[in-house]
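A look at the structure
What follows is each chain in one-letter form.
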Amino acid sequence: MLIHDFHFSSILDGRVMLVDTSSEDQPLKGIVRAAQFANMLVSPRRGEVLTAETFYSRLTRGDRTDAITIWDMATLQPKGEIVLPGGKRQQSVTYPQLFQFTNADKWALVANFTPAQSVSVVDLDSRKVLAEVDLPGCAQIYPTGERGFSSFCADGSILSVKLGADGQAVSSRTLETVQDIDNQPLFSTPAWVGRTAWFVSYRGQIQAFDFSGDVARALGGSFNIGTAEGGAPEWRPGGWQVIATDGAGKLFVLMSPNGREGSHKDGGTEVWVVDTASKARVARIPLRAMASAIALTRESKPQLVVARGDGVIDIHDAATGSFMRSLGTAGGANPILITAP
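What to know about the pairing of strand β28 (residues 323-326)
Sheet topology note: the strand β27 (residues 313-317)/β28 ladder contains three bridges and is antiparallel. Paired with Ile315 across the two strands is Arg325, which belongs to β28. Between β27 and β28, which follow one another and run antiparallel, lie five residues, and Gly321 among them has a positive phi close to 85°.

Concerning the state of the cysteines
Applying the stated criterion across every chain, the model contains one disulfide. The disulfide that involves Cys138 links it to Cys153, with 2.0 Å between the sulfurs. With the S-S bond torsion at 90°, the cross-link from Cys138 to Cys153 turns out right-handed. In this pair, Cys138 is assigned in strand β12 (residues 138-143) and Cys153 in strand β13 (residues 148-153), connecting sequence segments 15 residues apart. We note that Cys138, like Cys153, is buried.

Focus: the pattern of salt bridges
Throughout the structure, instances matching the rule amount to 19 salt bridges. Close ionic contact of Arg33 with Asp13 constitutes a salt bridge, the shortest N to O distance being 2.8 Å. Taken together, the residues span a long stretch of sequence, with Arg33 in strand β3 (residues 28-33) and Asp13 in the loop between β1 (2-5) and β2 (15-19) at a distance of 20 residues. Owing to a relative accessible area of 41%, Arg33 belongs among the partly exposed residues under this scheme. A salt bridge links Arg288 to Asp314; its shortest N-O distance comes to 3.1 Å. Here Arg288 is found in strand β25 (residues 280-296), whereas its partner Asp314 is found in strand β27, with 26 residues between them in sequence. Given a relative accessible area of 47%, Arg288 falls into the partly exposed group. Residue class for Asp314 comes out buried when judged on its relative accessible area of 1%. One salt-bridge network, held together by shared partners, links Asp5, Asp13, Arg15 and Arg33.

Overview of the sheet that holds β3
With antiparallel pairing, the four strands of this open sheet are ordered in space as β3-β2-β1-β29. Taken across any chain shown, the strands that pair with only one partner, and hence form the sheet edges, are β3 and β29 (335-339). When strand polarity is set aside, the average angle formed by the axes of neighbouring strands in this sheet is 25°.

Section: the pairing of β29
Of all the five residues making up β29, four are buried; the element is thus mostly covered by neighbouring parts of the structure. Bridge count for β1 against β29 is four bridges, and the pairing is antiparallel. For His4, the partnering residue across the bridge sits in β29 and is Leu337.

A word on unusual backbone geometry
In the segment running from Thr114 into Pro115, the intervening peptide bond is cis, with an omega of 20°. In this structure, Pro233 follows Ala232 across a cis peptide bond, with omega equal to 10°. Tracing the sequence through the fold places Pro233 in the loop between β20 (223-224) and β21 (236-237). One non-glycine residue, Asn103, lies in the positive phi region at around 55°. With respect to the helices, strands and loops of the structure, Asn103 is situated in the loop between β8 (99-102) and β9 (107-113). A positive phi angle is found at Lys279, which is not glycine, with a value near 55°. Mapping Lys279 onto the fold places it in the loop between β24 (268-275) and β25. Relative accessible area serves as the criterion here: at 38%, Lys279 is assigned to the partly exposed category.

As for the environment of Leu175
Looking at where Leu175 falls in the secondary structure, it is placed in strand β15 (residues 169-175). Given the relative accessible area of 21%, Leu175 is considered partly exposed. Excluding anything up to four places from it in sequence, Leu175 contacts Ser157, Ile158, Val215, Ala216 and Arg217.

Comments concerning the nonpolar core
Ranked by internal contacts, the top residues of the largest apolar core, which has 30 residues, are Ile206, Ile225, Ile243, Phe252, Val271, Ile294 and Leu304. Among the secondary structure elements, those contributing two or more residues to this core are β17 (196-200), β18 (205-210), β22 (243-245), β23 (250-256), β24, β25 and β26 (303-308). What Ile243 contacts, discounting residues up to four positions off in sequence, is Thr189, Pro190, Ala191, Trp198, Phe199, Val200, Ile206, Leu251, Phe252, Val253 and Ile294.

The rules behind each value
Per chain, the residues get numbers from 1 upward, laid out in the order the sequence is written. In view of the model being predicted, local features appear only for residues whose pLDDT reaches at least 70, and side-chain atom pairs are presented and counted only at 80 or more, with totals across whole chains, interfaces and linings using the full set of residues. Derived side-chain values reflect all non-hydrogen atoms in the structure, with water molecules and hydrogen atoms excluded from consideration. For two strands to pair, DSSP has to find at least two bridges joining them. Per the convention used, a helix needs a DSSP run of H or I reaching at least four residues, while a strand needs a run of E reaching at least two, with both numbered from the N terminus. Cysteine sulfur atoms are paired as a disulfide whenever they fall within 2.5 Å. We call a residue buried when its accessible area falls under 20% of the maximum for its residue type, exposed when it is over 50%, and partly exposed in between, using a 1.4 Å probe and counting protein chains only. Salt bridges are counted wherever a side-chain nitrogen of Lys or Arg sits within 4 Å of a carboxyl oxygen of Asp or Glu. For helices, the axis comes from a line fit to the C-alpha atoms of the stretch in contact; other axes are also lines fit to C-alpha atoms, and the angle between any two N-to-C directions lies between 0 and 180 degrees. Contacts are assigned to residue pairs that have any heavy atoms within 4.5 Å of one another. Joining through side-chain atoms within 4.5 Å is the link that ties buried Ala, Val, Leu, Ile, Met, Phe, Trp, Tyr and Cys residues into a set, and such a set is a nonpolar core.

Purely spatial values, then, with no claim about function.
Structure below.
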């Protein structure tokens, strides 16, 4: 797994840790640097890890350079970079939907914020910026269709943009009211099954979107994962990366018993397992400590990887929920996102 260590005490020294979840004695296998509010992508197809980073000529001040650094997936050594003009790459606590692939991993999409919002389209083979698409009032990047992306907007709508062969926007379409911003706002990081993205709201509503076509499509049959005894005042999803999937109909949601207005980033103490066919909770997995991120390994018997608030990485059996092993701080000081290549 690739675990993004945001490194809050020294943000300009963020890292991506390459971790073997089956090794208790030596889980850390390598490190990729990810500087200054970086974002990370991995492409087995290209054999590359990409980091979108920001540097200053005097470390913390001076001239600013935004760049995509290209790392060799086999050696974890840098093999090139693409400088992004304008000093506009969005710098925020890392969200995976700020840096995404499209066009079969040939292009990268980079979110900008100045505070005007836009998306840069970058050709990874020619290593140049092709276009910039304005995105007023909308945020996050969800790859859509063959070449394009969608973004959620502040009024509860979703905007889909289709890109031409030159990277320029050729069409766009807005779907109104796909989420209830006031009562059921969605966490921006979904669990993906192919081109279907499963989202959960701050109050536990599950909603799926199909991004396979040129225009995003909200799928019917949304449902709530429910509640349980022991919530004070109530169980709600909480954390940074709160939803994962085994790809076979089960969703895993990080839950906190202390749900309230503003608790959505506080972390959770249980993982609830939900069957998407029956729309019912089928298991509750108690965690050993409060956690901020969860993910599942991509194998026939998946492991549930849990990034705790104290930096420790725990491994659970996804089928039974039982604790298997601790990897200590192999994920760095502040593990915040977990990616399975």
